[in-house]
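So you can see what is in the structure, the chains are spelled out below.
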Amino acid sequence: MELSGEQLIASPVSKVWLGLNDVVILHASIPGCEEIERISEEEVRARVMFKIGPVRARFAGKLLLSDIVPDVSCSMAFEGTGGAAGFAKGKARVELIETEGGTLVRYSTEASIGGKLGQIGGRLINASAKKIADDFFLAFAKELGGNLIAVNVAILEDKKEE
Amino acid sequence: MKAAAFDYIKVKSLGEAISLLKEHGEDARLIAGGQTLLATLNLRLSEPSILIDITAVSELKGISLQGNILRIGALATHTEIENSDLIAQHAPLLKEAAPHIAHRAIRNLGTWGGSLAYGDPAAEWPACSLALDAVMVIQGSSGQRKVSAKDFFIDLYTTTLKADEILVASEIPLASGNQVHSFQELARRHGDYAAVGLAAMIRKDKGKVQTCRLAFFSVAAIPTMASKAQAFIEGKPIDAELIQQAVNLAREEIETLADITNSQETKTYLLGVLLERALTKMLL
């Protein structure tokens, strides 16, 4: 699955960058985040309760950051397992662009979802991913004290996982 | 696989169910027909600590006429709706839609309220409730409230129901003599989730369309009304040109979401095909 989008947040670039690197703000913004810990500059571990429709599965995972250019962009690789429910792994790229009225956050994600979640939930994984991204940015903008100005998300492609 | 361990309580009243929901919050799930919930439990996609069985709560049962509305209790099964004379007479759209819901064994157990509260974007009842301007009757610890179908479905699998609330019933205005309907669904095999579906209702008046409701399902994150196409049709005289323009409008205004087998483009194309079929059947 590929998910990409843009969000305009009414806060300056430096504040958005700090927010994206602040585990306290991330904890409050990631839907269902129960625990998040920064292990090093490059590694973050988290436990998230994934809750959508009939599915309620707890995922534990880690996030490895690379190509970090402060206030500009970074790449990340992530993987998480949810016990019997399945696993998710993938990579994402985030770019911050200074614009009138705030910061444009541009992101693109590629993820594969496997296990039971992939087989059963596959029908609506795209829509679920979009909902989670929307919820995150809404909460994130609120945490920074700004508003979310525009929402523009595109789900590019639908790849079937084996 | 087998479900993880959970507690089970069969309640006898609505009040009892609501106070249990209030006490256990997110850890509790209501169970009625269980046609979605049990599969999720057995696959361990969800592990609630307590199941509250509401099948013995009499306030949630039955289909009845109450003045000028038809009341469908949340526990009415798909089969009861399919076989009900009251439904056939006063909400014939539902009778036509029922056979499209999964298979007989599932229809015998699955419920009206379960389908609505679960809010699957590919399900039949949520779209039908929109097309018929149904009102949801909701009971919670702070009392009863009513919400129209168009405000009930908020997001993917998300309704306006709060954690301590139960959908009690739906109230549907009785079908009038000048009312026609059409239910259209495309699925790869009968009983599968819809690729695209449409629940439509039109009231005519002297050769013109008076009211038009076009509720699509399995096109986006929630069942979706083609409001521009509806507004375009209302008040207009009926002819083939009207249908074609409405189809174009609906294709433009509905932002479809791809699923695992059908692309955005496929869904946009198919929704127009279904709308043309439905309008032709209802109007010409």
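Residues numbered from 1 in each chain as written. Chains lettered and ligands numbered in written order. Predicted model: local features only at pLDDT ≥ 70, side-chain atom pairs only at ≥ 80, totals over all residues. Heavy atoms only, no water.

Draft legend 1. Layout of the packing of helix α11 (residues 240-253) of chain B against helix α12 (residues 264-283) of chain B. All names here are of chain B. For the pair α11 and α12, the least separation of the axes is 9 Å and the interaxial angle reads 150°. Taken together, the axes of α11 and α12 are roughly antiparallel relative to one another. Here α11 and α12 pass one another in a crossing that is right-handed. Contacts from Leu242, Ile243, Gln244, Ala246, Val247, Ala250 and Arg251 in α11 reach Thr268, Tyr269, Leu271, Gly272, Val273, Leu275, Glu276, Leu279, Thr280 and Leu283 in α12. For the contact of α11 with α12, the per-class residue count stands at 11 nonpolar, four polar and two charged. (Axes fitted to C-alpha atoms, helices over the stretch in contact; angles between N-to-C directions. Helix = DSSP H or I, 4+ residues; strand = E, 2+ residues; numbered from the N terminus. Parallel < 35°, antiparallel > 145°, perpendicular 65-115°, else oblique. Left-handed = near helix turned anticlockwise from the far one by under 90°. Contact = heavy atoms within 4.5 Å. Nonpolar A, V, L, I, M, F, W, Y, C, P; charged D, E, K, R; others polar.)

Draft legend 2. Up close: the sheet that holds strand β12 (residues 196-205) of chain B. All names here are of chain B. With respect to topology, four strands assemble into an open sheet ordered β11-β12-β13-β14, the strand pairing being antiparallel. The two strands at the open ends of the sheet, each matched to only one other strand, are β11 (179-186) and β14 (224-225). Where strand β13 (residues 208-217) and β14 come together, two bridges link them in antiparallel fashion. By the bridge assignment, Ala215 is partnered in β14 with Met225. Here α12 sits on the sheet in contact with β11, β12 and β13, set at roughly 30° to β12. (Pairing = 2+ DSSP bridges.)

Draft legend 3. Up close: the interface of chain B and chain A. Taken together, the 24 residues of chain B in the interface contact 23 residues of chain A. Summing both sides of the interface, chain B and chain A together bury roughly 2100 Å²; the carbon and sulfur share of this comes to 63%. A per-residue breakdown of the area chain B buries against chain A is headed by Leu45, Leu156 and Ile260 of chain B, which together make up 32% of the total. Linking chain B with chain A are three salt bridges, by the criterion used here. A salt bridge links Asp155 of chain B to Lys131 of chain A; its shortest N-O distance comes to 3.5 Å. Taken together, the links from chain B to chain A amount to three residue pairs in polar contact (both at pLDDT 80 or more). The residue inventory of the side of chain B that touches chain A, partitioned by class, reads 12 nonpolar, five polar and seven charged. (Buried area = accessible area lost by both parts, 1.4 Å probe. Salt bridge = Lys/Arg side-chain N within 4 Å of Asp/Glu carboxyl O. Polar contact = N/O pair within 3.5 Å; in protein donor to acceptor, adjacent residues only side chain to side chain.)

Draft legend 4. Expanded view of the sheet that holds strand β3 (residues 50-53) of chain B. All names here are of chain B. The three strands are arranged β1-β3-β2 in an open sheet whose pairing can be described as parallel. The open sheet is flanked by β1 (7-10) and β2 (28-31), the only strands paired with a single partner. Along the sheet, successive strands turn relative to each other by an average axial angle of 25°, direction set aside. Here β1 runs beside β3; their pairing, made up of four bridges, is parallel.

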